[in-house]
Amino acid sequence: MDTKIGSLDIVPASNGNLGCPPKASSAVACVQTSSVPFNSGDATLGRHLARRLVQIGVSDVFSVPGDFNLTLLDHLIAEPGLNLVGCCNELNAGYAADGYARSRGVGACVVTFTVGGLSVLNAIAGAYSENLPVICIVGGPNSNDYGTNRILHHTIGVPDFSQELRCFQTVTCFQAVVNNLEDAHELIDTAISTALKESKPVYISIGCNLSAIPHPTFSREPVPFFLSPKLSNRMGLEAAVEAAAEFLNKAVKPVMVGGPKLRVANACQAFVELADASGYALAVSPAGKGLVPEHHPHFIGTYWGAVSTAFCAEIVESADAYIFAGPIFNDYSSVGYSLLLKKEKALIVQPDRVVIGNGPTYGCITMKDFLQALAKRVKKNTTAYENYHRIYVPDGHPLKCAPKEPLRVNVLFEHIQKLLSHDTAVIAETGDSWFNCQKLKLPQGCGYEFQMQYGSIGWSVGATLGYAQAATDKRVIACIGDGSFQVTAQDVSTMLRCGQNSIIFLINNGGYTIEVEIHDGPYNVIKNWNYTAFVDAIHNGEGKCWTTKVFYEEDLIEAIETATGAKKDCLCFIEVMAHKDDTSKELLEWGSRVSAANSRPPNPQ
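Under an unreviewed UniProt entry, the name given to the protein is pyruvate decarboxylase, and the source organism is Centaurea solstitialis. For the record of the protein, the UniProt heading Sequence similarities (unreviewed entry) holds the text "Belongs to the TPP enzyme family." Of the comments in the UniProt record for the protein, the one headed Catalytic activity (unreviewed entry) reads "a 2-oxocarboxylate + H(+) = an aldehyde + CO2".

Read from one edge to the other, the open sheet built from seven strands follows the order E9-E8-E7-E10-E11-E12-E13, with strand pairing classed as mixed. With partners counted over all chains shown, the strands left at the sheet margins are strand E9 (299-302) and strand E13 (361-363), one partner each. For this sheet, the mean angle separating the axes of adjacent strands, direction not counted, is 15°. Examined bridge by bridge, strand E12 (residues 353-356) and E13 share three bridges and lie antiparallel to one another. Considered in E13, the bridge of Arg353 is made with Gly363. Along the sheet face, helix H10 (residues 367-375) touches strand E10 (322-325), strand E11 (346-350) and E12 and points at about 135° away from the line of E11.

Within this structure, the stated rule accounts for 24 aromatic pairs. Ring geometry for Trp304 against Phe435: centres 4.9 Å apart, planes inclined by 5°, an arrangement best described as stacked. Of this pair, Trp304 sits in the loop between E9 and helix H9 (312-317) while Phe435 sits in helix H13 (residues 432-438); the two residues are 131 residues apart in sequence, bridging distant segments of the chain. Each member of the pair, Trp304 as well as Phe435, is classed as buried. Considering the side-chain rings of Phe485 and Phe534, the 6.3 Å spacing of their centres and the 85° angle between planes classify their relative orientation as edge-to-face. Linking Phe485 in helix H15 (residues 482-488) with Phe534 in helix H18 (residues 531-539), this pair joins segments that are 49 residues apart in sequence. Taking NZ or CZ as reference, Lys200 lies 3.9 Å from the ring centre of Tyr128, over its face. Here the basic side chain of Lys289 rests over the ring of Tyr448, its NZ or CZ set 5.4 Å away from the ring centre.

What follows covers the environment of Val64. You can see Val64 is positioned in the loop between strand E1 (60-63) and helix H2 (70-77). Exposure remark for Val64: the relative accessible area of 9% places this residue in the buried category. Along the chain, Val64 and Gly455 lie 391 residues apart, while their C-alpha atoms are 24 Å from each other. Excluding residues that lie within four positions of it along the chain, Val64 makes contacts with Asn69, Cys87, Asn89, Glu90, Ala93, Val110, Val111 and Thr112.

Criteria and cut-off values
Residues numbered from 1 in each chain as written. Predicted model: local features only at pLDDT ≥ 70, side-chain atom pairs only at ≥ 80, totals over all residues. Heavy atoms only, no water. UniProt positions renumbered as here; feature names shortened; annotations may be inferred. Pairing = 2+ DSSP bridges. Helix = DSSP H or I, 4+ residues; strand = E, 2+ residues; numbered from the N terminus. Axes fitted to C-alpha atoms, helices over the stretch in contact; angles between N-to-C directions. Contact = heavy atoms within 4.5 Å. Phe/Tyr/Trp six-rings, centres within 6.5 Å; stacked < 30°, edge-to-face > 60°. Buried < 20%, exposed > 50% of the residue type's maximum accessible area, 1.4 Å probe, protein only. Lys NZ or Arg CZ within 6 Å of the ring centre and 35° of its normal.

And the structure:
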């Protein structure tokens, strides 16, 4: 995205570039030094923090009030460029900041001490796993209480205020505890700049009695950040490119696969440049979907081992050389460790290093620099794509539903496919929506997000809220299972308060279907809700909302026509009734393989 960190006039565009980090992370604009009168309401710690958030491109902060953060919230509200979005709970506030960061490049949430902090912790851990810069701000204890041996409310009842901090240390890349004004400026700036540089969440605790106090360090506009760009070691880069070019140019049918770390490496465009120059068949890993343009002429689909899109795995696994750019190989992405890949054929490009086959590792090399330099050295080789083109058979279509035949999920997603355009974005919840949404063909400019590494059910409700709040030029289409929805359903309320017009497809199949296919049991069956009535109750006549329940294809067609026509300005909630065993074939295959991996017996001692 086109954010220029370093200038005070940063207003990042929600351009659907899927949250790729700023292109110019070291730009420095004219240093604003306009004075704010000392002792004025603008020279306080709270207003300084608010101005910093606006400066880096945050215009919406997701919050839940608590007595330790109330004064801080007053000062955030007072900042003209900042909008406070009150959420129903801290978990959703964190998920919303996650979704916001995916679109805008950075997100922020504000909660209260310990009861709020530990509630938001799970969402922050998810953002950490997905390499998202989220500023997690906590209203902390009164500065006078530190070191007094007092027991405070909202704690676990011991005179130790570090419990929350210790929990956040493992899921954030920097932690700042602000309990005095003298170093508050430095701590806040270091935390925010570290989040931007590392593309990871940070934790900032602000003493509840400090937010409203003026201090000389806050009496001027913030000096713009200077973020030193990560630089490649030139000799190392040349050596890596030379070795990689030799490795690839002797291959007969090389391919390339884009992974999720393309985002954090700001290398999406560089990856495409290499694809253009090389002519290689181009695929994505499941978590890389949306980071690589699917309208590219050599795009062949999602490589996900045994559950890849049609004909993609055959081309990738039969290649004699493959470039993986920014991959994450875990048990889910490897389908229970069953990928048919060989290390000696792989060129692995991570954000800061390159590994070529069984050979050496080249460190201190940025992915962007490496891919751009390699594009100038590789020979054109379209063999793998030509092989794909020979064996490719166009997608079939699901059997036509008979009148009043219960709606099938594959028919549902055929109609969702027709909804997609450059001004939409897809949010796919953990579950069978992973597999059904992977098969969607994304038009140019269509956003796509899901949380594969962390895989926390319920993530999509908050993420839909946050993404829609950031990407005002897109209509979000969220695909959510009933089990996941029950975890975080409350913040449909916040979507209505914000006037959002997302379309939510609630797939009601009576349980945790993804868990059923891994290991079934009575615990996977949930209490059924009347979901449309639930959302109607949340709506309560305030805001624009339209709900419907569909049983048949003809119902679905009518619902989509209404959602995109008469109710296009409304939040549209479409509850889709599906059979409990109506799953994608990919989930059936994936579930059995993950189950086998999970149930491996202990190694002999």
